[in-house]
Amino acid sequence: MGRLDNKVALITGVGSGIGKAAALLFAQAGAVVFGVDRDEAAGQTLTSMLSSQTFRFFKADLSTEASCIQTVQQCCAAYGQIDVLYNNAGISTVEPFTQTDALSLDRMLSVNFKSVFYLCQQVIPKMQHQGGGVIINTASELAIVAQPLYAAYCASKGAVLSLTRALALEYAQDNIRINALCPGPIDTPMLQQEFDQSDDPIQSRAAGIDTMPIGRLGKPEEIAQVALFLASDAPSLMQGASIVVDGAKTIL
Ligand code: NAD
């Protein structure tokens, strides 16, 4: 028996990092995964790693409301239900606050926050109709603590955390469990790209590891395991929680 047998999981950002690890793990746990990403080639790679019975890729840039609506329509057309919505897709930028222009801010909020808002808006009525479901929204340790050069990112993730709490209360009576996952530094292409933007990427990566009391960066699979637990039926009392998974970084 898999922990996600007979469940349909819509996961965003499956092309890389944490989302890819989650798609593989959820499929292994028995779910049918409807994986979404803007990166078609990455989606095809994942498709080749999984059977067509357990995985379907849908290419979408989730930065618009229309693409979020279309994504949910496509998932429902394919499977007729959505038991788990795992909002994982996200972007980061490293830039001084005074140099963050309107375009950069809009992009950050559209991908990291508004896509979560619109996908929840589309999926919740379907979960109400089904009699319940699970939503996992990806925030970050940077929704809780701060870091220079990440103002727009911190704000976008703080918004995800607030939205998660508001929805968790609003739909607590509908058997829809809504929680936020707050990863610390995880060794993915996103984080490496942040290191690469510094003058000395090797030193920057070493400094990143130094912030971790456990002495290493997290692995995408370690976040996927927590997401799997949240997606399963086990944590039935968890509602509106912010689950920090960061190797003790934020308590240092
Ligand atoms: P990643 O860059 O490795 O993967 C993100 C995936 O999302 C990519 O495949 C990308 O193509 C996709 N994506 C980005 N914008 C999209 C869009 N507009 N539409 C559709 N797909 C889009 O990143 P990751 O490190 O795996 O991050 C996953 C999530 O975890 C993000 O929300 C990120 O903010 C969050 N997070 C990551 C870290 C970390 O250290 N890696 C820490 C805290 C939170």
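Everything numeric here is computed off the predicted structure, so don't read it as measured data.

Each value, and the rule that gives it
Residues numbered from 1 in each chain as written. Predicted model: local features only at pLDDT ≥ 70, side-chain atom pairs only at ≥ 80, totals over all residues. Heavy atoms only, no water. Helix = DSSP H or I, 4+ residues; strand = E, 2+ residues; numbered from the N terminus. Expected span 1.5 Å × (residues − 1). Buried < 20%, exposed > 50% of the residue type's maximum accessible area, 1.4 Å probe, protein only. Contact = heavy atoms within 4.5 Å. Polar contact = N/O pair within 3.5 Å; in protein donor to acceptor, adjacent residues only side chain to side chain. Pairing = 2+ DSSP bridges. Near = heavy atom within 4 Å. 1 Å grid on protein atoms, 1.4 Å probe; cavity = no way out; pocket = protein on both sides within 12 Å on 5 of 7 lines; lining within 4 Å. Sits in = over half its atoms within 2 Å of the grid points. Patch = residues over 30% accessible without salt bridge, like charges linked within 9 Å, V, L, I, M, F, W, Y side chains within 5 Å. Areas by Shrake-Rupley, 256 points an atom, 1.4 Å probe, with all protein chains shown as cover. Salt bridge = Lys/Arg side-chain N within 4 Å of Asp/Glu carboxyl O. Disulfide = S-S within 2.5 Å. Phe/Tyr/Trp six-rings, centres within 6.5 Å; stacked < 30°, edge-to-face > 60°.

(A) Representation of helix α8 (residues 220-231). Its 12 residues give α8 an end-to-end C-alpha distance of 16 Å, which sits within 8% of 16 Å, the value for a rise of 1.5 Å per residue. Buried within α8 we find Pro220, Ile223, Ala224, Val226, Ala227, Leu228, Leu230 and Ala231. Packed against the buried residues of α8 are α1 (17-28), β4 (84-87), β5 (133-138), β6 (176-183) and β7 (242-245).

(B) How the structure looks around the side chain of Ser115. Within the secondary structure layout, Ser115 lies in helix α4 (residues 102-130). A distance of 2.6 Å separates a polar atom in the side chain of Ser115 from the backbone oxygen of Val111. Discounting residues that sit within four places of it in the chain, Ser115 has contacts with Leu62, Cys68, Asn87 and Ser110.

(C) Region of the structure containing the pairing of β5. Extensive coverage of β5 is indicated by the burial of 6 of its 6 residues. On β5, burial covers both faces: Gly133, Ile135 and Asn137 on one face and Val134, Ile136 and Thr138 on the other are all buried. With 4 bridges joining them, β4 and β5 adopt parallel strand pairing. Across the sheet, Val84 pairs through a bridge with Val134, a residue of β5.

(D) Just the environment of Ile223, in detail. With respect to the element layout, Ile223 can be found in helix α8. Note on Ile223: relative accessible area 1%, which makes it buried. With 201 residues separating them in the primary sequence, Ile223 and Ala22 have C-alpha atoms 8.0 Å apart. Contacts of Ile223, omitting those with residues within four sequence positions, involve Ile18, Tyr86, Leu181, Pro183, Ile186 and Val245.

(E) Representation of unusual backbone geometry within the structure. Despite not being glycine, Asn6 shows a phi value in the positive range, around 65 degrees. Following the sequence through the fold, Asn6 ends up in the segment before β1 (8-12). In the Ramachandran plot, Ala248 falls in the positive-phi region, its phi being about 75 degrees despite a non-glycine side chain. Among the secondary structure elements, Ala248 is positioned in the segment after β7. Residue classification places Ala248 among the partly exposed positions, given a relative accessible area of 28%.

(F) Region of interest: the site of the ligand. In the vicinity of the ligand lie 29 residues, with Ser16, Asp37, Asn88, Tyr153 and Thr188 positioned nearest. Within the contact set of the ligand, a nitrogen atom lies 2.9 Å away from a backbone nitrogen or oxygen of Leu62. Separating an oxygen atom of the ligand from a backbone N or O atom of Ile186 is a distance of 2.8 Å. At a threshold of 2 Å from the grid points, most atoms of the ligand map onto the largest pocket. Contributions of two or more residues to the shell around the ligand are made by α1, α4, α5 (151-170) and α6 (189-196).

(G) Region of interest: a nonpolar patch on the surface. On the surface, Ile144, Val145 and Val244 cluster together into a nonpolar patch covering about 200 Å² of accessible area. Here Val145 is to be found in the loop between β5 and α5. Judged by its relative accessible area of 30%, Val145 falls in the partly exposed class.

(H) Highlighting the state of the cysteines. With the rule as written, the count across this model stands at 0 disulfides. The structure places no disulfide on Cys182, whose sulfur is separated from the nearest cysteine sulfur, that of Cys154, by 12 Å.

(I) Layout of the packing of aromatic side chains. Evaluated as defined, the whole model comprises 6 aromatic pairs. Centroid distance Phe117 to Tyr118: 5.7 Å. Interplanar angle 80 degrees. Geometry classified as edge-to-face. Looking at Tyr118, the relative accessible area reads 21%, which means it is partly exposed. Here Tyr150 and Tyr153 contribute two aromatic rings whose centre-to-centre distance is 6.2 Å and whose plane-to-plane angle is 75 degrees, an arrangement assigned as edge-to-face. For Tyr150, a relative accessible area of 8% gives the class buried. What links up through ring pairs into an aromatic cluster is the set Phe34, Phe58 and Tyr79.

(J) Seen up close, the pattern of salt bridges. The final tally for this structure, using the stated rule, is 5 salt bridges. The shortest N-O distance in the salt bridge between Lys249 and Glu141 comes to 2.8 Å. With Lys249 in the segment after β7 and Glu141 in the loop between β5 and α5, the pair connects residues that are 108 residues apart, well separated along the chain. Residue class for Lys249 comes out buried when judged on its relative accessible area of 15%. A residue is classified by how much of its surface remains accessible, and Glu141, at 5% relative accessible area, is buried. In this structure, Asp187 engages Arg205 in a salt bridge whose closest nitrogen and oxygen atoms are separated by 2.8 Å. Of this pair, Asp187 sits in the loop between β6 and α6 while Arg205 sits in helix α7 (residues 201-210), placing them 18 residues apart in sequence.

In short, the description is geometric, and any link to function would need to be established separately.
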